[in-house]
Amino acid sequence: MATLAEKLFDSLTPGFDRLEQGADPVLRRSDHADFQVNGVMGLAKRLGRPPRDVAQEIVDHVDFQGLVDSVEIAGPGFLNLTVSDEALISQLEEMGADEALGVSAAEKAQVVVVDYSAPNVAKEMHVGHLRSTVIGDSLCRILEFVGHQVLRRNHIGDWGTPFGMLIEHLVDLGEDNAVANLSVGDLDGFYREARGKFDADDTFKERSRSRVVLLQGGDEETLRLWRVLVAESIHYFDAVYEELGVGLRETDVVGESAYNDMLDDVVADLEAAGLLVDSDGALCVFPEGFVNRDGEPLPLIVRKSDEGYGYAATDLAAIRDRVSHLNADRILYVVGAPQSQHFEMCFAVATMAGWLNEHTQATHVAFGNVLGPDRKMFKTRDGGTVKLKGLLDEGTLRARSALEERGAEASDTDVIAHQLAMGAIKFADLSTDRQRDYVFDWDRMLAFEGDTGPYLQYAHARIRSIFRRADSLPSGGKITLTEPAERDLARQLVAFPEAIENSLETLSPSKLCTYLFTLAQQFTSFYEFCPVLKAPDEATKASRLELCELTASTLRTGLGLLGIEAPERM
RNA sequence: GCGCUCGUAGCUCAACGGACUAGAGCAUCUGACUUCGGAUCAGAGGGUUGGGGGUUCGAAUCCCUCCGAGCGCACCA
């Protein structure tokens, strides 16, 4: 269905086209009216005419067909549009009848590969994985919501030299013992012990090195041991995803090792394209525009001088595979900002090789670091990395005690505490612009006041509470907008599709967060001023119940797209 | 040194080249409880948008320059 903004845009177009074909009205939401048109000034300038005259001429030639109550020419040449209540109401009714709440499906459904989370085998997931996992998950949900086919890819670190020492450590412990060890979830302990022996014990170091050779050589027994490590780790990751409520499954895991067999082909392709240069024994591609410290061309090292492959080769193989076998139209990499140069180089090389082109695009969806309250990298008190699992558990504990303090209404405190905690953590993360570093602060995100996940969940729970007390449920009653608070709420409700569109365009769930917070705020204001169950008459009550229903579904749907649950009560 | 990202209220953040008051949230202060859930609402104070130039009818936003922060810059991912 068409959004209100689209309808207004369409009625404005003839007025602008008369004066200049294709001129953009630059229609925006406004504080001064419902919408404002900013395009007149630019157009007037191009025509060399006084802006207010142009504005008047446009107004004279536009038929809003009842969408607009008043058009006012303001300031240097703005058009302020006040939308008619009838238009707002019919928009709300369309929205209510639409499962997608007015969000139209993408014009062309694309195959979108979203690469996110990517923890390392035999290493604990830490805060660094939180943003990738949470942002990636939300983007997947939003993309699917508008009809794209999303392929989630968990590019786990399951290959490379550290596996020599890890496998040898596993052998030392004895397999059963090691598995028991790992399944407890103490992956860091396992890794640290292996590392410790590797640094301290020359024999162990030597064994590790030969083990790497065996692994790369495809030795069956070594591979079997490696698979044990990988399987145990994935099992552990799954538990974390489950707790976090993220849609990543074991079938989404396509780790680095999955590309081993394709690396030679990557080299062959690049060689055939004449891109490979031998530099100190390493096979490199030198994409234009990248220089090192000394101003010399910077290579992307495809094959190291020891003939081994590094992560650049794997990343290139992944692009090649995703384009040619998965038929991806788009590939998103939800990976930290520090890697941006690496991805720029990979994308440049992939473009040179012809894997990426105007039909298939790769985008690095970069995000900033997680900082502690001291604005430094978030670490534990003794300087260690913060384990993700511990963080999630702590959040749940904190949420539970907050619930108990307030005398929770719900009986299943454990479930609610968990939903609140995950909502708080995710919302805090998602609501900050991706690019920026973000400050992790329990007190703020779980304060349950202000711009937080729990505030949104609370707004939703309150609406559900009204329905529990109501003798009749919303049943498509006629909506009327008399109070200002009703009108403000209506205006915000119909803007939902714009919020989704905006999030998608910028690949920033934070836009959706802002929208939902404003919606929740406007709802609570409405709730304060407009009694629903004690409305002055039955018609008003029915109308307000409709507004409640629409708000509840919008909140539930919006939170769902962020990966946040909307409990019935709390 | 080069490159990328960024600098907005005491703190955490918005603002797609647009307006008469640069917005929210937290914190502070003032009101509102016989409450459809006060985890709330209404209101107040708080800003030369890091500094300086420029482009523009109009700049937090674009360009230049300086200052400051973080990250990256050849065989680790």
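Residues numbered from 1 in each chain as written. Chains lettered and ligands numbered in written order. Predicted model: local features only at pLDDT ≥ 70, side-chain atom pairs only at ≥ 80, totals over all residues. Heavy atoms only, no water.

Novice: Please explain unusual backbone geometry as it appears in this structure.
Specialist: A negative phi angle characterises most non-glycine residues, just as the trans form characterises most peptide bonds. Positive phi is not limited to glycine here, since S117 has a value of about 80°. With respect to the helices, strands and loops of the structure, S117 is situated in the loop between β5 (111-115) and α5 (127-145). Take S117: its relative accessible area is 4%, and that puts it in the buried class. In this structure, A122 is a non-glycine residue whose phi angle is positive, near 60°. (Helix = DSSP H or I, 4+ residues; strand = E, 2+ residues; numbered from the N terminus. Buried < 20%, exposed > 50% of the residue type's maximum accessible area, 1.4 Å probe, protein only.)

Novice: I keep staring at the side chain of S138 and nothing clicks. Help me out?
Specialist: Tracing the chain through its elements places S138 in helix α5. Classification of S138 as buried rests on a relative accessible area of 0%. If near-sequence neighbours (up to four positions away) are discounted, S138 is found in contact with L430, P509, L561 and L562. (Contact = heavy atoms within 4.5 Å.)

Novice: How should I be thinking about the protein's contact with RNA strand B in this particular structure?
Specialist: Taken together, 67 residues sit near RNA strand B, with H32, K45, E256, K304 and Y527 positioned nearest. When the atoms of RNA strand B within 4 Å of the protein are sorted by group, sugar and phosphate make up 51%. Within the side chain of R462, an N or O atom sits 2.4 Å from a phosphate oxygen of RNA strand B. A total of 8 residues in the surface near RNA strand B trace back to one element, the largest contributor, which is helix α20 (residues 509-529). Counted by class, the surface near RNA strand B contains 28 nonpolar, 18 polar and 21 charged residues. (Near = heavy atom within 4 Å. Polar contact = N/O pair within 3.5 Å; in protein donor to acceptor, adjacent residues only side chain to side chain. Nonpolar A, V, L, I, M, F, W, Y, C, P; charged D, E, K, R; others polar.)

Novice: Would you take a moment to explain the domain arrangement of chain A for this structure?
Specialist: Domain assignment breaks chain A into domain 1 (4-83), domain 2 (162-249) and domain 3 (424-561). When each unit is reduced to the centre of its C-alpha atoms, the spacing between domain 1 and domain 3 is 30 Å. Taken together, the contact pairs 8 residues of domain 1 with 5 residues of domain 3. Taken together, the two surfaces of domain 1 and domain 3 that pack against each other cover about 520 Å², and 30% of this comes from carbon and sulfur. Three residues stand out in domain 1 for area buried against domain 3, namely L4, R29 and D34, and they jointly supply 70% of the buried area on that side. Between the two partners, domain 1 and domain 3, sit 3 salt bridges. In this structure, the salt-bridge partner of D34 is R491, at a minimum N-O distance of 2.7 Å. (Domains from an automatic or database assignment. Buried area = accessible area lost by both parts, 1.4 Å probe. Salt bridge = Lys/Arg side-chain N within 4 Å of Asp/Glu carboxyl O.)

Novice: Even after reading the chapter, I still don't get the environment of E565, so can you show me in this structure?
Specialist: Summarising the element assignment, E565 is placed in the segment after α21 (538-562). Sequence separation between E565 and I142 is 423 residues; the distance between their C-alpha atoms is 15 Å. In this structure, E565 is in contact with Q419 and Q457, ignoring residues within four places of it in sequence. Within the structure, E565 has its side chain in polar contact with the side chain of Q419 (distance 3.2 Å).

Novice: Looking at this structure, how should I read the packing of helix α1 (residues 4-19) against helix α3 (residues 51-60)?
Specialist: Two numbers describe a pair of packed helices, the interaxial angle and the distance between the axes. Across the interface, α1 lies against α3 with an axial gap of 8 Å and an inter-helix angle of 130°. The orientation of α1 with respect to α3, classified from their angle, is oblique. Considering the relative orientation of α1 and α3, their crossing is right-handed. Residues G15, F16, R18 and L19 of α1 form the contact with α3, whose own contacting residues are V54, E57 and I58. A per-class count over the contact of α1 with α3 returns 4 nonpolar, 1 polar and 2 charged. (Axes fitted to C-alpha atoms, helices over the stretch in contact; angles between N-to-C directions. Parallel < 35°, antiparallel > 145°, perpendicular 65-115°, else oblique. Left-handed = near helix turned anticlockwise from the far one by under 90°.)

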